[in-house]
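Residue-level listing of the chains:
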Amino acid sequence: MSGRRFLFVLGSSRADGNTELLARKAAEQLPADVEQRWISLADHPLPDFVDQRHDSDHVRPPAGSSAALLLDATLAATDLVIASPLYWYSVSGLTKRYLDYWSGWLRTPGIDFKATMAGRTLWGVAALAHQEAVVADPLIGTLNNSAAYMGMRFGGVLLGNGSGPGDVLNDTDALTRAKTFFARETPLARFPYEG
Ligand SMILES: Cc1cc2nc3c(=O)[nH]c(=O)nc-3n(C[C@H](O)[C@H](O)[C@H](O)COP(=O)(O)O)c2cc1C
C-alpha cells in the first residue's frame, strides 16, 4: 500500500462537468493502491460560513452534517484535490465556502487542523471557458497561497478548456497534461514574496 489517500473535492455547481471529467482523467493514472474519495460539494451543502473565530470556542461539527463529513474526509487525506471550475476568475462559490470552513477548523479544539494538514499536498484542477489560461492566475494564487499558509505542499493546477459539459474532452493538450499531472514534484508551497 502506498498509504496515499486522495480526496477530490468537486466544486462545480453542475453534475458531470468539465472539471470533474478532467480530474477523472488525471486520477486514472494514479496507482491502484492509492485510495480515491470523491465528494461533490453540491451534494453536501454547507450552510453560510459564520466567522466565530473570536467569539467562542469551536466545537466539532455535529455528526451527520456536511461539515463533519468534509472535515473528516479532509483530515484523512494525504492529497487534497480542489477540483473547481473557474468562476469569475477564481474558485467557485461552493469551493470558496469549503475553504472558508477551514478558518473555523483552524480554531476547533482537538483536531490541530494546521499541524495535521502541514506537509500534505494540495492540488488543483479547473476548467475554464477562456482560451488564454493566464486568466486563471487568481485561482492558482488562491490555492498556492492557501497551501503556503497551511504549510502544505502544492502540486499546481491542471487547467482544461471548455464551456459546455464534455467540451474539455476536446482539449487534447489538457488530456496530455492530465496523464502525468499527479506524478509531478510537489514542493512546499511558498508565498510569492518568499521567492
Ligand atoms: C458563475 C460562472 C462564472 C464563470 N466565470 C468564468 C470566468 O471567469 N472565466 C472563464 O473562462 N469561464 C468562466 N465560466 C465558465 C466555466 O468556467 C466553464 O463553463 C467551465 O467549463 C465550467 O466547468 P464545469 O463544467 O466543471 O462546471 C463561468 C461559469 C459560470 C457558471
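Computed from a predicted structure; not experimentally measured. Per chain, residue numbering runs from 1 following the sequence as it is written. Two thresholds apply to this predicted model, a pLDDT of at least 70 for residue-level local features and 80 or more for giving and counting side-chain atom pairs, whereas whole-chain, interface and lining totals are computed over all residues.

1. Considerations on the pairing of strand S4 (residues 121-128)
And step 1. Here a residue counts as buried when 20 or more other C-beta atoms fall within 10 Å of its C-beta, as exposed when 12 or fewer do, and as partly exposed in between; the C-beta atoms come from the backbone. Strands are runs of DSSP state E lasting at least two residues, helices are runs of H or I lasting at least four, and both sets are numbered from the N terminus onward. When you tally the buried positions in S4, you get eight out of eight residues, the bulk of the element.
And step 2. Both faces of S4 are covered, namely the face carrying Thr121, Trp123, Val125 and Ala127 and the face carrying Leu122, Gly124, Ala126 and Leu128.
And step 3. In this structure, strand S3 (residues 79-83) lies alongside S4, joined through five bridges in parallel fashion. If you follow Val81 over to S4, its bridge partner there is Trp123.
And step 4. Any two strands with at least two DSSP bridges between them are considered paired. As paired elements, S4 and strand S5 (residues 153-161) share seven bridges and run parallel to each other. The partner of Leu122 across the bridge, within S5, is Phe154.
And step 5. Each parallel crossover has a hand, and for S4 linked through helix H5 (residues 137-150) to S5 it is right-handed. Here, the term right-handed applies to a crossover whose path from the first strand over the helix to the second runs clockwise when the strands point away from the viewer.

2. Topic: the nonpolar core
And step 1. A set of buried residues qualifies as a nonpolar core if it consists of Ala, Val, Leu, Ile, Met, Phe, Trp, Tyr and Cys joined through C-beta atoms within 7 Å. Core analysis: the biggest nonpolar cluster contains 46 residues, and Phe8, Val9, Leu22, Ala26, Val81 and Val125 have the highest contact counts within it.
And step 2. Element by element, the count of residues in this core is highest for S4, at six residues.
And step 3. Setting aside anything within four residues of it in sequence, one finds Val125 in contact with Thr19, Leu22, Ala23, Ala26, Val81, Ala83, Val157 and Leu158. A pair of residues counts as a contact when their C-beta atoms, built from backbone coordinates, are separated by no more than 7 Å.

3. As for the site of the ligand
And step 1. Throughout this description, a residue near a molecule or strand is one whose C-beta atom, derived from the backbone, lies within 6 Å of it. Around the ligand sit 19 residues, and of these Ser12, Gly17, Thr19, Pro85 and His130 come closest.
And step 2. At the level of secondary structure, the elements contributing two or more residues to the shell around the ligand comprise helix H1 (18-27) and S4.
And step 3. A per-class count over the shell around the ligand returns 10 nonpolar, seven polar and two charged. Amino acid classes used here: Ala, Val, Leu, Ile, Met, Phe, Trp, Tyr, Cys and Pro are nonpolar; Asp, Glu, Lys and Arg are charged; the rest, including Gly, are polar.

4. Considering the sheet that holds S3
And step 1. Reading across from one edge, S2-S1-S3-S4-S5 is the order of the five strands in this open sheet, with parallel pairing throughout. Of all the strands in the sheet, the pair left with one neighbour each is strand S2 (35-40) and S5. Each strand axis lies, on average, 15 degrees off the axis of its neighbour in the sheet, ignoring direction. Between N-to-C directions, angles cover 0 to 180 degrees, with each direction set by a line fitted to C-alpha atoms, over the stretch in contact for helices.

5. So, the pairing of strand S1 (residues 5-10)
And step 1. Here S1 lies mainly inside the structure; five of its six residues are buried.
And step 2. Sheet topology note: the S1/S2 ladder contains six bridges and is parallel. By the bridge assignment, Val9 is partnered in S2 with Ile39.
And step 3. Taken together, S1, H1 and S2 constitute a β-α-β crossover, and its handedness is right-handed.
And step 4. Alignment of S1 against S3, held across five bridges, turns out to be parallel. Residue pairing for S3: Leu7 is matched across the bridge by Leu80.

6. Looking at helix H3 (residues 93-105)
And step 1. Over its 13 residues, H3 extends 19 Å from the first C-alpha to the last, a length consistent with the 18 Å expected when each residue adds 1.5 Å.
And step 2. Buried within H3 we find Leu94, Thr95, Tyr98, Tyr101 and Trp105. The buried residues of H3 occupy an angular sector of 110 degrees when projected down its axis, which confines them to one face.
And step 3. Looking at the packing, one finds that the buried side of H3 touches S1, helix H2 (66-76), S3 and helix H4 (113-117). Any helix carries an expected span of 1.5 Å times its number of residues minus one. Directions from the helix axis toward the C-beta atoms define the arc.

7. So, the packing of H1 against helix H6 (residues 172-180)
And step 1. Two elements in contact, H1 and H6, have axes separated by 7 Å at closest approach and are oriented at 40 degrees. Classed by the angle they form, the pair H1 and H6 counts as oblique. With respect to the hand of their crossing, H1 and H6 are arranged in right-handed fashion. Contacts from Leu22, Lys25 and Ala26 in H1 reach Ala174, Leu175 and Ala178 in H6.
And step 2. A breakdown of the residues in the contact of H1 with H6 according to their chemical character gives five nonpolar, no polar and one charged. Here roughly perpendicular refers to angles of 65 to 115 degrees, roughly parallel to angles under 35, roughly antiparallel to angles over 145, and oblique to all remaining angles. Each crossing is labelled by how the near helix is turned from the far one, with a counterclockwise turn of less than a right angle marking it left-handed and a clockwise turn marking it right-handed.

8. Section: the environment of Val9
And step 1. Along the chain, Val9 falls in strand S1.
And step 2. Residue classification places Val9 among the buried residues on the basis of 24 C-beta atoms within 10 Å.
And step 3. A C-alpha to C-alpha distance of 5.2 Å links Val9 and Ile39, two positions 30 residues apart in sequence.
And step 4. In contact with Val9, not counting residues within four places along its chain, are Ile39, Leu41, Leu80, Val81, Ile82, Ala83 and Tyr98.

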